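Here are the chains, one letter per residue:
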Amino acid sequence: MAITSSHILVCRTDNIGDVVLTLPMVARLRQLHPHARISFLCRRYAAQVVRYCSDVDAVVELEEVQDDLQGYLRHSGVDTIIICQPDRPLAIAAFKSRIRHRIGNARQKLYLLFYCNRRVRFSKGLSENHEAQINFEFLKPLGDSTIPDRAQIPGLYHFSIPHDADIARRLGTAGFNLILHTKSNGHGREWPVESFLALARSLVAQHEVTLWLTGSEQEGAWLESHAADLVAMPNVRNVCGSMDLAGLTRFIHQADGLIASGTGPLHLSAAIGQRTLGLFPPTRPMHPGRWAALGPRAENLCVAAQACPGCEKQPGPTCDCMRAITPDMVLGVVQRWIAEKAATAA
């Protein structure tokens with residue numbers, strides 16, 4: 001029998017990209033239970049993005065409740081919890097707090113088989129679906145076994161992002177503001193920094209184009225040390241570490257496009273409707289079949305026919321699969337974006 005619920009807690013306490021790719025499932029959850037309260041448990045730094053999602057009634061920061069998860073759950077009024085990735089303390093707390101419906105993937109961890117009473121069973125590694133589609137498996141106990149097509153995912157993002165006057169001034173009067181998110185915080189294969197440099201050099205003659213390097217403070221320092229030629233380009237601005245995630249979201253929203261490999265800001269950019277280009281290897285589990293940017297203006301490049309030798313075990317951030325994506329290929333996409341914006345403004 002399908003679950004009926006008055007207060008549902010969706011839990012996703014890992015990375016930004018994973019959180020963003022869970023939000024389409026939350027939108028479907030809102031459709032299934034229009035009168036239920038939907039809360040979202042995530043880490044503090046990701047909470048800033050979830051608060052922009054209109055399908056979520058309340059955001060709970062893990063750091064605020066992790067010292068007493070059981071106490072929080074007992075007094076929260078939650079009657080359904082969806083544990084979207086393995087979390088042993090959370091599963092135990094939900095069990096001990098007697099949350100009526102506890103949904104988890106029983107194929108991932110044995111403790112989820114024990115502590116969850118409304119179990120789903122699926123293997124991410126064997127699935128041909130995108131991560132955003134895979135998350136819909138958790139809705140089966142709530143009466144929905146439909147997995148949306150990839151083309152349907154962009155329509156399930158509902159964000160309300162305020163205009164930021166300071167960012168507008170920062171972007172200035174440039175004809176095209178392009179964000180380059182060069183690093184991935186170790187979460188995927190990266191396009192080589194020398195390829196980003198070649199792209200920047202190809203665009204330097206177009207004075208109306210400004211390139212913005214985004215990332216963490218540590219990534220910005222890495223770029224200063226290892227990609228000094230890129231940082232020093234006259235059309236490049238290094239703003240790594242200068243804004244929190246809420247500010248970065250507004251910055252992406254008000255810019256004109258973003259290029260990145262498989263990392264959180266890529267999925268964020270696609271989800272909020274920005275022009276987005278994802279750069280990927282064909283290597284499982286990093287391939288675009290699982291992690292492509294999905295959005296109304298998102299596209300992806302993966303040109304290697306097969307993974308380079310030993311690709312999945314390479315310790316470095318890049319590989320020959322990523323080097324196969326040439327700067328000219330990316331430049332072609334950017335020039336099309338620039339022409340598109342100019343035609344719209346005309």
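Notes on the structure follow. (Residues numbered from 1 in each chain as written. Predicted model: local features only at pLDDT ≥ 70, side-chain atom pairs only at ≥ 80, totals over all residues. Heavy atoms only, no water.)

Under the definition given, this model contains 19 salt bridges. For R30, the salt bridge identified is with D57, shortest N-O distance 2.6 Å. One end of the pair, R30, is in helix 2 (residues 23–32); the other, D57, is in the loop between helix 3 (44–50) and strand 3 (58–61), with 27 residues separating them in the sequence. Look at R30 and you get buried, because its relative accessible area is 15%. When the shortest N-O distance is used, the salt bridge between D166 and R169 registers 2.1 Å. Of the two residues, D166 and R169 are both situated in helix 9 (residues 165–171); the distance of three residues between them amounts to about one turn of the helix. Taken individually, D166 and R169 each receive the classification exposed, so the pair is uniform in this respect. What emerges from the salt-bridge pattern is a single network uniting R12, D14, D18, K124, E131 and R290. (Salt bridge = Lys/Arg side-chain N within 4 Å of Asp/Glu carboxyl O. Helix = DSSP H or I, 4+ residues; strand = E, 2+ residues; numbered from the N terminus. Buried < 20%, exposed > 50% of the residue type's maximum accessible area, 1.4 Å probe, protein only.)

Let us now look at helix 13 (residues 245–254). Extensive coverage of helix 13 is indicated by the burial of nine of its ten residues. For helix 13, the set of buried residues is L245, A246, G247, L248, T249, R250, F251, I252 and Q254.

As a further point, take the packing of aromatic side chains. Remark: the centre distance and the inter-plane angle together describe each pair of aromatic rings, the angle taken between the planes. For the coordinates displayed, the defined rule picks out seven aromatic pairs. Ring centres of F95 and Y115 lie 5.3 Å apart, and the angle between their planes is 65°; this geometry places the pair in the edge-to-face category. Within this pair, whereas F95 is found in helix 6 (residues 88–96), its partner Y115 is found in helix 7 (residues 110–115), the two being separated by 20 residues in sequence. Each ring, one from Y157 and one from F159, has its centre 6.0 Å from the other, and the planes form 20°; the classification is stacked. Each residue in the set F95, F114 and Y115 is aromatic and connected to the rest through ring pairs, giving one cluster. (Phe/Tyr/Trp six-rings, centres within 6.5 Å; stacked < 30°, edge-to-face > 60°.)

On to the sheet that holds strand 4 (residues 80–83). Strand order in the open sheet made by the six strands is 3-2-1-4-5-6, with parallel pairing throughout. One side of each edge strand has no neighbouring strand; the edge strands of this open sheet are strand 3 and strand 6 (118–120). Between one strand axis and the next, the sheet turns by 20° as a mean value, whatever way the strands run. Bridge count between strand 5 (residues 101–105) and strand 6: three bridges; the pairing is parallel. (Pairing = 2+ DSSP bridges. Axes fitted to C-alpha atoms, helices over the stretch in contact; angles between N-to-C directions.)

Here strand 4 shows no split at all, with T80 and I82 on one side and I81 and I83 on the other all buried. When strand 1 (residues 7–11) meets strand 4, the two strands line up parallel, connected through four bridges. The residue of strand 4 that forms the bridge with L9 is I81. With three bridges connecting them, strand 4 and strand 5 associate as parallel partners. By the bridge assignment, I81 is partnered in strand 5 with R102. Viewed along the sheet, the connection from strand 4 through helix 6 into strand 5 turns out right-handed. (Right-handed = clockwise from strand over helix to strand, strands pointing away.)

Counting buried residues in strand 5 gives five out of five residues, a clear majority hidden from the surface. Neither face of strand 5 is exposed, since H101, I103 and N105 on one face and R102 and G104 on the opposite face are all buried. Taking the sense of rotation as the criterion, the β-α-β connection linking strand 5, helix 7 and strand 6 turns out right-handed.

This part takes up the side chain of D164. Assignment of secondary structure puts D164 in the loop between helix 8 (131–134) and helix 9. According to the relative accessible area criterion, D164 is buried, its value standing at 13%. Of note is the side chain of D164, whose polar atom sits 3.0 Å from the backbone nitrogen of I167. Side-chain polar atoms of D164 contact the side chain of R250, separated by 2.8 Å. Excluding anything up to four places from it in sequence, D164 contacts R250 and Q254. (Polar contact = N/O pair within 3.5 Å; in protein donor to acceptor, adjacent residues only side chain to side chain. Contact = heavy atoms within 4.5 Å.)

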